[in-house]
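Fold and contact review
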Amino acid sequence: MACAAAGRPREDVTLIVVTKTYPASDVRLLAELGVRHVAENRDQDAAPKAAECADLPLTWHFVGQLQTNKVRSVASYADFVHSVDRARLVTALSAAAVKAGRTLDCLIQVALDAESGEPGQRGERGGVAPDGVTELADALAAAEGVRPAGLMTVAPLVGTYAGRPRAAFERLMEISTGLRAAHPAANMVSAGMSADLDDAVAAGATHVRVGSAVLGVRPRLG
Ligand SMILES: *Cc1c(COP(=O)(O)O)cnc(C)c1O
């Protein structure tokens, strides 16, 4: 529907179902229904789920804030990591991927609110400021076991783009154009969640990360 509204062919946009808080049995059902891309945001939950679902033809995306002490685990099951936002993480992911004999597709998470407001206001959503993207992409391209695959963002809650997801995603597309000039294969644009996926698809996202709109509203954690 979002594709039709934006005049884009359906196959232009990959649906990633965010299965956080849902059990492995639901992931299995989704796979039976034809879902091929799933995402998780916490390694503690994702690692056992991915292990239980290892027989399924699924591509696993890690979309949460990533601490370096979780990198080794994440590198064992994730195919895509959407939350690369610092050089230290590039080094750690590279070492873990080499050790695991895998290649990780890495997206740089962009904080579109990084220039505005107090850092504390941004919460724990992570991301690098737009002017830090090139350096991280170059680092990913130079490191073994990882490669720059594109950009990811979460629509900002504060700053210039607060309440303006369409404008935020259009800005991300501009940054993507710049990135692709130097790294043509880094063409993924991961943007849009249940609430703003129409805006993301209209702006040009290649991947949307949808949880509640597919699986229902999650019970609140803790
Ligand atoms: C939970 C989550 C989503 C999905 O959010 P919904 O509102 O349930 O669609 C997408 N991206 C990230 C990074 C998330 O943590």
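The shown structure was predicted, so the numbers you read here are calculated from the model rather than taken from an experiment.

**Observations concerning the pairing of strand E4 (residues 80-84)**
- Burial analysis of E4 places five of its five residues in the buried class, which makes it a mostly covered element.
- In the sheet, strand E3 (residues 59-62) pairs with E4 via two bridges, with the strands oriented parallel. Bridged to phenylalanine 62 within E4 is valine 81.
- The parallel pair E3 and E4 is bridged by helix H4 (residues 71-77), and the resulting crossover is right-handed.
- Bridge analysis of E4 against strand E5 (residues 104-109) gives three bridges, and the strand direction is parallel. Considered in E5, the bridge of valine 81 is made with cysteine 106.
- What joins E4 to E5 is helix H5 (residues 87-100), and the crossover it makes is right-handed.

**Observations regarding the site of the ligand**
- Taken together, Val18, Lys20, Asn41, Val63, Met193, Ser194, Arg209, Val210, Gly211, Ser212 and Arg218 are the residues near the ligand.
- At 2.4 Å from an oxygen atom of the ligand is found a side-chain nitrogen or oxygen belonging to serine 194.
- The side chain of arginine 209 places a nitrogen or oxygen atom 2.9 Å from a nitrogen atom of the ligand.
- Here the ligand, which alone exposes 390 Å², has 88% of that area covered by the protein.
- The residue makeup of the shell around the ligand, split by class, is four nonpolar, four polar and three charged.

**A few points about helix H3 (residues 43-52)**
- Within the sequence span of H3, burial applies to Asp43, Ala46, Lys49 and Ala50. Buried residues of H3, viewed axially, fall in a sector of 135°; they line one side. Set apart from the buried face of H3 by more than 90 degrees, the exposed residues are Ala51 and Glu52.
- Buried residues belonging to H3 abut helix H2 (24-32), strand E2 (37-40), E3 and H4.

**Concerning unusual backbone geometry**
- Of note, the phi angle at threonine 21 is positive, near 75°, even though the residue is not glycine.
- By the element assignment, threonine 21 lies in the loop between strand E1 (14-18) and H2.

**A few points about the pattern of salt bridges**
- Within this structure, the stated rule accounts for nine salt bridges.
- Across the pair arginine 171 and glutamate 174 runs a salt bridge whose closest N-O atoms are separated by 3.1 Å. Of this pair, arginine 171 and glutamate 174 both sit in helix H7 (residues 165-182), three residues apart, roughly one helical turn.

**Things to note about the side chain of lysine 49**
- Here lysine 49 lies in helix H3.
- Among the polar contacts listed, one links the side chain of lysine 49 to the side chain of glutamate 40, at a separation of 2.8 Å.
- Those residues within four positions of lysine 49 in sequence are excluded, and the remaining contacts are Thr19, Lys20, Thr21, Tyr22, Pro23, Ala24, Val27, Glu40 and Trp60.

Each value, and the rule that gives it
- Residues numbered from 1 in each chain as written.
- Predicted model: local features only at pLDDT ≥ 70, side-chain atom pairs only at ≥ 80, totals over all residues.
- Heavy atoms only, no water.
- Buried < 20%, exposed > 50% of the residue type's maximum accessible area, 1.4 Å probe, protein only.
- Helix = DSSP H or I, 4+ residues; strand = E, 2+ residues; numbered from the N terminus.
- Pairing = 2+ DSSP bridges.
- Right-handed = clockwise from strand over helix to strand, strands pointing away.
- Near = heavy atom within 4 Å.
- Polar contact = N/O pair within 3.5 Å; in protein donor to acceptor, adjacent residues only side chain to side chain.
- Areas by Shrake-Rupley, 256 points an atom, 1.4 Å probe, with all protein chains shown as cover.
- Nonpolar A, V, L, I, M, F, W, Y, C, P; charged D, E, K, R; others polar.
- Arc of directions from axis to C-beta.
- Contact = heavy atoms within 4.5 Å.
- Salt bridge = Lys/Arg side-chain N within 4 Å of Asp/Glu carboxyl O.

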